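# Observations on the model geometry
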Amino acid sequence: MKNVDARITDFYAEYDEASRLHATAVGRLEFERTRELVRGHLPPAPTRVLDVGGGPGTHARWLTKDGYEVLLVDPVPKHVEQARAYAPGCSAKLGDARDLALPPHCFEAVLLLGPLYHLADRTDRLRALREARRVAVPGGLVVAAGISRYSLMQDYTVSAGLTPELLAGEITQVISTGSYDGSRGFTVIHFHTAAELAQEAIEAGLTGVSVHGVEGPGWAYVVAAGRFADQEAAGALLADAIATARLADEHGVHADASAHVLVVGTA
């Protein structure tokens, strides 16, 4: 396994990733829409799915329940152990998205729902996408997620926290370059534009590439409701937020207005 940035592994050794997509309304929005989009592209079960950077098994759990044969790889030992417990139907082992210790052409679908935004170097992101293409069967599905370049600005805006200092500093830095050093409570991140994520998939050799906004343009209102009212109020907005995301995605608009962007291609 290649050297993984210690800032990332140290962060996830302490961070409760296992509850992230279930503890808040916006987390449930991300989870439900990601699952919906992935399900819409997956080949019928039973087929083999590789969940790269699959964390504590959040998606592996529903994939195995849907009848897929799932192998999860993740660079964080804690996540591998959690995945084995939370998604007992899957296999889980340590692994690096940039250097998968797997033979070629052995999975009908490969998911990278976490790795790309933790790879700050573009060369590493392309390597991860090429590895996904390598281990996928010819014509197999590859799905990868990125965090939107504009999500940090939206998050601060709806939290009434967008100060002139932030706007002139890290917000401008992220929008201009996509780079974030993890100085404010998160870890090292690359923020994508939808066009950039699609271009990286194409450069990695994927064909038939399409891009989808995960949460849609309404996600920020869910965040605001959760912070200024409560999670019950935020949860009441979920159905409308999902409907809005579907409508925007159907018409191919506002992908960059989502918190997360999904790229889908064929190996």
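None of the values given here were measured: they were computed from a predicted structure.

### A short note on the layout of surface pockets
- For the second largest pocket, the calculated volume is near 630 Å³.
- Lining the second largest pocket are 41 residues, with G53, D74, G114, P115 and H118 sitting closest to its centre.
- When residues of the lining of the second largest pocket are traced back to their parent elements, those giving at least two are α1 (6-14), α2 (17-23), α3 (25-41), β1 (48-52), α4 (58-65), β2 (69-74) and β9 (260-266).
- Top element by residues in the lining of the second largest pocket is α2. It accounts for three residues.

### Overview of the nonpolar core
- Counting 28 residues, the largest nonpolar core has L50, V52, F107, V110, L112 and V135 as the members making the most contacts within it.
- Every element with two or more residues in this core is listed here: β1, β2, β4 (107-112), α6 (122-135), β5 (136-148), α9 (194-203) and β9.
- Per element, the largest residue contribution to this core is four residues, and it comes from α6.
- Excluding residues that lie within four positions of it along the chain, V52 makes contacts with V73, A97, L100, V110, L111, L112, L113 and P115.
- Core analysis: the next-biggest nonpolar cluster, separate from the first, contains 26 residues, L63, V70, L141 and A145 among them.

### Looking at the packing of aromatic side chains
- Applying the stated criterion to the full structure yields one aromatic pair.
- When the ring of Y180 is compared with that of F191, the centres are 6.0 Å apart and the planes differ by 80 degrees; the resulting orientation is edge-to-face. On the criterion of sequence distance, the pair formed by Y180 in strand β6 (residues 179-180) and F191 in strand β7 (residues 189-192) is long-range, its members being 11 residues apart.
- When its relative accessible area of 8% is taken as the criterion, Y180 is described as buried.

### Side note on the pairing of β1
- Where burial is concerned, most of β1 is hidden: four out of the five residues are buried.
- By the bridge criterion, five bridges tie β1 to β2 in an arrangement that is parallel. Bridge pairing in β2 places L50 opposite L71.
- As for the winding sense of the linkage, the β-α-β connection from β1 through α4 to β2 is right-handed.

### Quick notes on the state of the cysteines
- As enumerated under the stated definition, the model contains zero disulfides in all.
- No disulfide involves C90; its sulfur sits 16 Å from that of C106, the nearest cysteine.

### Notes on the environment of A194
- Looking at the secondary structure, you find A194 in helix α9.
- Sequence-wise, A194 and A257 are 63 residues apart; in three dimensions their C-alpha atoms are separated by 9.6 Å.

### A short note on the side chain of Q154
- Tracing the chain through its elements places Q154 in helix α7 (residues 151-158).
- Here Q154 is in contact with W219, D256, A257 and S258, once residues within four sequence places are set aside.

### Regarding the packing of α3 against α4
- Interhelical geometry of α3 versus α4 gives an angle of 45 degrees and a closest axis separation of 11 Å. Between α3 and α4, the interaxial angle falls into the category oblique. Along this stretch, α3 crosses α4, giving a crossing that reads as right-handed. Facing F31, T34, R35, V38 and R39 of α3, the residues of α4 in contact are T58, H59 and W62.
- Residue classes in the contact of α3 with α4 are distributed as three nonpolar, three polar and two charged.

### What about the pattern of salt bridges?
- The tally for this structure, following the rule as stated, stands at 17 salt bridges.
- Where D124 meets R98, a salt bridge forms, and the shortest distance between an N and an O atom there is 3.5 Å. Within this pair, whereas D124 is found in helix α6, its partner R98 is found in the loop between β3 (91-94) and β4, the two being separated by 26 residues in sequence.
- Residue classification places D124 among the buried positions, given a relative accessible area of 17%.
- Where salt bridges share partners, they join R122, R125, R149, E196, E200 and E203 into one cluster.

### Quick look at the environment of W62
- Within the element layout of this structure, W62 appears in helix α4.
- When the C-alpha atoms of W62 and G89 are compared, they prove to be 9.7 Å apart, with 27 residues separating the residues in sequence.
- Non-local contacts of W62, meaning those with residues more than four positions away in its chain, are made with F31, R35, V38, R39 and L42.

What counts and what doesn't
Residues numbered from 1 in each chain as written. Predicted model: local features only at pLDDT ≥ 70, side-chain atom pairs only at ≥ 80, totals over all residues. Heavy atoms only, no water. 1 Å grid on protein atoms, 1.4 Å probe; cavity = no way out; pocket = protein on both sides within 12 Å on 5 of 7 lines; lining within 4 Å. Points joined across faces, edges and corners; volume = space filled by probe spheres on them. Helix = DSSP H or I, 4+ residues; strand = E, 2+ residues; numbered from the N terminus. Core = buried A, V, L, I, M, F, W, Y, C linked by side-chain atoms within 4.5 Å. Buried < 20%, exposed > 50% of the residue type's maximum accessible area, 1.4 Å probe, protein only. Contact = heavy atoms within 4.5 Å. Phe/Tyr/Trp six-rings, centres within 6.5 Å; stacked < 30°, edge-to-face > 60°. Pairing = 2+ DSSP bridges. Right-handed = clockwise from strand over helix to strand, strands pointing away. Disulfide = S-S within 2.5 Å. Axes fitted to C-alpha atoms, helices over the stretch in contact; angles between N-to-C directions. Parallel < 35°, antiparallel > 145°, perpendicular 65-115°, else oblique. Left-handed = near helix turned anticlockwise from the far one by under 90°. Nonpolar A, V, L, I, M, F, W, Y, C, P; charged D, E, K, R; others polar. Salt bridge = Lys/Arg side-chain N within 4 Å of Asp/Glu carboxyl O.

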